[in-house]
Amino acid sequence: MRKRSTVAAIDVGSTKVAVIVGGVTEHGDTRILGVGVAPAAGLSRGVIDNIQSARESVDVAVEKAEQACGMRILSAVVGVSGGHIASQNNRGIIAIPDRSRPISADDRSRVLESAGQISIPTNRQVLHVIPRGYWVEGTDPVSDPVGMYGGRLDAETHIVTGAVSAIQNLTKCVEGAGVQVDDVVLESVASATSVLQEQERLQGVAMVDIGGSTTSIAVYEEGAVTHTACLPIAGSHLTHDLARVLRCPWESAEEVKCRYGAAYASPEMANETVEIQAFGTQTQKAVSLLHVCEILQARSEEILEMVALELKRAGYLDRLAAGLVLTGGSSQLRGLADVAEARLGIPARVGRPHGYSGLSDLIGTPAYATAVGLVEYALQGRQRPLESLTTGFEPASSGGFFRRLASLGRALMPQ
Ligand SMILES: Nc1ncnc2c1ncn2[C@@H]1O[C@H](COP(=O)(O)OP(=O)(O)OP(=O)(O)O)[C@@H](O)[C@H]1O
Ligand SMILES: [Mg+2]
């Protein structure tokens, strides 16, 4: 697949905004060129609820990434998730009038267009039309029909839609930070791009990105996306449970969860204690690790149960030979993959971005699967011609001032 040369990606998560700039090396591999991260603000359940705060976070992360890579970011691919995302599979059929000629790329585009047509309300928009397979005169599915012969071509697609207002708010927030939006990509599809292995995609796998406030699922079978979903539950629920039950500040609960927490509780933990910051007169108090992990186990099992229910409802739970690949910051909770295997009865592993040069200890972790995946997705340059691919960058010497000026110029230009 043809690759774009340099791209920027923005993952506006509910806990952090990550901006990553990536490029292609002379050997055709992806190289990470710069990273900027800022704590997220103005997001609730994966959707922007305060555009001003969200814009400021994006602004900070973009400036950091610009400093890191020495280039000015004018445009980027942006990830989207949230409860407003919906998906469905659809089928399209076209006739090939002259069966003596081979099926062309044009025919393939026509059948995809037909398979991408669904009726949706005006407050929703199509985000992705992802090809799942082609059939030439109803025979076995083929991965690419171009060059084959037949009088009829069928295609199946997976169509992802989202709420126009949520996507518009996201776009405006990024544009407000001086960066034009090249493309809006479903976060679970982006994460899958950076963490899944080809074999997993072929044999059936569910990629489950457990972030701060959303859990995004993308199911792959025979190499293609067949189901996507977004659940409004994730790591912040674990922290919230700890803070509420232990009556401690959020930051203390978060620290205990990440440093000592586990998705399972075992009897040996009864002898261990952890220090937490407490409300009231006491500044620190000791709590049993067993108690902490019992709280985390209950919520972890609930999250996994919801994932299992979603996969079962969609009819995939028993078909995933490669099982689950867990990613996102919350997949780092100790023992989560083991608990998932035990609860769902299918294989599970933690997935992190792999196979990229320039990965640091930070962005090589599961929390950066989406942002790295967005870079890879953009580099694969699905739609745009190669000539326009480097226009999103300028030398960084001009800094944030010129970026803002550029965005101001765009805002003042007639459409
Ligand atoms: N070692 C750890 N153990 C358990 N949880 C962790 C660990 N490290 C990070 N987390 C949790 O990961 C979550 C953040 O994950 P991530 O960065 O993937 O979220 P996000 O992309 O900002 O959010 P979302 O995808 O929901 O919009 C937080 O809830 C954080 O507590
Ligand atoms: Mg995320």
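Novice: How would you explain the sheet that holds strand β14 (residues 224–231) if you had to name every residue and give the values?
Specialist: Sheet architecture is open: 5 strands sit in the order β14-β13-β12-β17-β18, paired in mixed fashion. Of all the strands in the sheet, the pair left with one neighbour each is β14 and β18 (348–350). Neighbour-to-neighbour, the strand axes of this sheet turn through a mean angle of 20°, independent of strand direction. As paired elements, strand β17 (residues 324–327) and β18 share 3 bridges and run parallel to each other. Residue pairing for β18: Leu324 is matched across the bridge by Ala348.

Novice: Can you explain unusual backbone geometry? Please cite residues and give values.
Specialist: The backbone of Glu222 shows a phi angle near 45°, a positive value even though the residue is not glycine. Along the chain, Glu222 falls in the loop between β13 (215–221) and β14. One non-glycine residue, Arg247, lies in the positive phi region at around 50°. Within the secondary structure, Arg247 sits in the loop between α6 (235–246) and α7 (250–260).

Novice: Account for α6, with residues named and values stated.
Specialist: The terminal C-alpha atoms of α6 lie 17 Å apart, and with 12 residues this matches the ideal 16 Å at 1.5 Å per residue to within 8%. Those residues of α6 not exposed but buried are Gly235, Leu238, Thr239, Asp241, Leu242, Ala243 and Leu246. Considering only its buried residues, α6 is in contact with β12 (205–210), α7, β15 (273–277), β16 (284–288) and α8 (289–313).

Novice: For the site of ligand 1, give the residues involved together with the corresponding values.
Specialist: Around ligand 1, the surrounding shell holds 19 residues, and the nearest of these are Ser14, Thr15, Lys16, Glu254 and Lys257. Glu254 is positioned with one of its side-chain polar atoms (N or O) 2.4 Å from an oxygen atom of ligand 1. Gly329 is positioned such that a nitrogen or oxygen atom in its backbone is 2.8 Å from an oxygen atom of ligand 1. When the free accessible area of ligand 1 is taken as 660 Å², the share hidden by the protein chains comes to 89%. Among the cavities detected, the one that contains ligand 1 is the second largest pocket. For the shell around ligand 1, the secondary structure elements donating two or more residues are α6 and α7.

Novice: Tell me about the pairing of β17, and name the residues and values.
Specialist: Note on strand geometry: in a regular strand, side chains alternate between the two faces of the sheet. Here β17 shows no split at all, with Leu324 and Leu326 on one side and Val325 and Thr327 on the other all buried. Relative to β17, β12 is paired through 4 bridges, and the arrangement is parallel. Within β17, the position partnered with Asp209 by the bridge is Thr327. In this fold, β17 hands off to helix α9 (residues 336–344), which returns the chain to β18; that crossover is right-handed.

Here is what the cut-offs are and how they apply
Residues numbered from 1 in each chain as written. Chains lettered and ligands numbered in written order. Predicted model: local features only at pLDDT ≥ 70, side-chain atom pairs only at ≥ 80, totals over all residues. Heavy atoms only, no water. Pairing = 2+ DSSP bridges. Helix = DSSP H or I, 4+ residues; strand = E, 2+ residues; numbered from the N terminus. Axes fitted to C-alpha atoms, helices over the stretch in contact; angles between N-to-C directions. Expected span 1.5 Å × (residues − 1). Buried < 20%, exposed > 50% of the residue type's maximum accessible area, 1.4 Å probe, protein only. Contact = heavy atoms within 4.5 Å. Near = heavy atom within 4 Å. Polar contact = N/O pair within 3.5 Å; in protein donor to acceptor, adjacent residues only side chain to side chain. Areas by Shrake-Rupley, 256 points an atom, 1.4 Å probe, with all protein chains shown as cover. 1 Å grid on protein atoms, 1.4 Å probe; cavity = no way out; pocket = protein on both sides within 12 Å on 5 of 7 lines; lining within 4 Å. Sits in = over half its atoms within 2 Å of the grid points. Right-handed = clockwise from strand over helix to strand, strands pointing away.

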